[in-house]
Amino acid sequence: WKVMVEHRSLIQTELKEVNSGVRELSERDFLGPTERRRRLKVKEEEEPDGGGDGAASSSSAAKKEKKDHTEYFNDLERKAFRDKRKARRVKRRQAQRAKKETDANP
């Protein structure tokens, strides 16, 4: 119940932003992947194939090609994991040193 109330308030805030013009929604903001694919097919069918200098087709092809950012995010994840492990080791060593000091000085 609490989650639903939070989501409702977020949706209301977003609606206010859209209505006031602060935020502009695109098709990717609210449609699921199936509907996006369907709309893309309709859009492609509406675009004229052939004719013209070919600049439009090359720009649409460039839009369709997406960079694969997987490796970048994998590197970020590995770095975060290493940093987390390092922080744990440092904390463990500090705790061990503190324990040795308290054991040595009764």
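For the structure itself, look to the data block above.
All of these numbers come straight from a predicted model, not from anything done at the bench. (Residues numbered from 1 in each chain as written. Predicted model: local features only at pLDDT ≥ 70, side-chain atom pairs only at ≥ 80, totals over all residues. Heavy atoms only, no water.)

This brings us to the overall build of the chain. In terms of helices and strands, the chain carries five helices and zero strands. Going residue by residue from the N terminus, the α and β elements of the chain occur as α-α-α-α-α. In the chain, which comprises 106 residues, the proportion classed as buried is 1%. (Helix = DSSP H or I, 4+ residues; strand = E, 2+ residues; numbered from the N terminus. Buried < 20%, exposed > 50% of the residue type's maximum accessible area, 1.4 Å probe, protein only.)

Right, let's get into the packing of aromatic side chains. This structure, assessed with the given rule, holds one aromatic pair. Aromatic side chains Tyr 72 and Phe 73 sit 5.1 Å apart centroid to centroid with 80 degrees between the ring planes, which places their arrangement in the edge-to-face category. (Phe/Tyr/Trp six-rings, centres within 6.5 Å; stacked < 30°, edge-to-face > 60°.)

Residues Lys 84, Arg 85, Lys 86, Arg 88, Arg 89, Arg 92, Arg 93, Arg 97 and Lys 100 make up a contiguous surface patch of positive charge. Looking at the secondary structure, you find Arg 93 in helix α5 (residues 70-104). (Patch = residues over 30% accessible without salt bridge, like charges linked within 9 Å, V, L, I, M, F, W, Y side chains within 5 Å. Areas by Shrake-Rupley, 256 points an atom, 1.4 Å probe, with all protein chains shown as cover. Salt bridge = Lys/Arg side-chain N within 4 Å of Asp/Glu carboxyl O. Lys, Arg positive; Asp, Glu negative; His and termini not counted. Charge placed at Lys NZ, Arg CZ, Asp CG, Glu CD.)

Further remarks concern a nonpolar patch on the surface. Judged by side-chain polarity, Trp 1, Met 4 and Val 5 come together as a nonpolar surface patch covering roughly 440 Å² of accessible area. Position of Met 4 relative to the elements: it lies in helix α1 (residues 2-20).

The subject of this paragraph is the environment of Glu 71. Within the secondary structure layout, Glu 71 lies in helix α5. We classify Glu 71 as partly exposed; its relative accessible area is 46%. Here Arg 78 takes part through its side chain, which lies 2.8 Å from a polar atom of the side chain of Glu 71. (Polar contact = N/O pair within 3.5 Å; in protein donor to acceptor, adjacent residues only side chain to side chain.)

On to the pattern of salt bridges. As a working rule, side chains carrying opposite charge can pair if their charged atoms are close by. Inspection of every chain in the model, using the stated rule, returns six salt bridges. Where Arg 23 meets Glu 14, a salt bridge forms, and the shortest distance between an N and an O atom there is 2.5 Å. The class of Arg 23 is partly exposed, set by a relative accessible area of 31%. Glu 14 sits in the partly exposed class, given a relative accessible area of 28%. Notably, a salt bridge pairs Glu 35 with Arg 39, separated by 3.2 Å at the nearest N-O pair.

A few words on α1. Over its 19 residues, α1 extends 27 Å from the first C-alpha to the last, a length consistent with the 27 Å expected when each residue adds 1.5 Å. Taken from the residues just after α1, Gly 21 is the one with a positive phi, measuring 90 degrees. (Expected span 1.5 Å × (residues − 1).)

In short, geometric facts, not functional conclusions.
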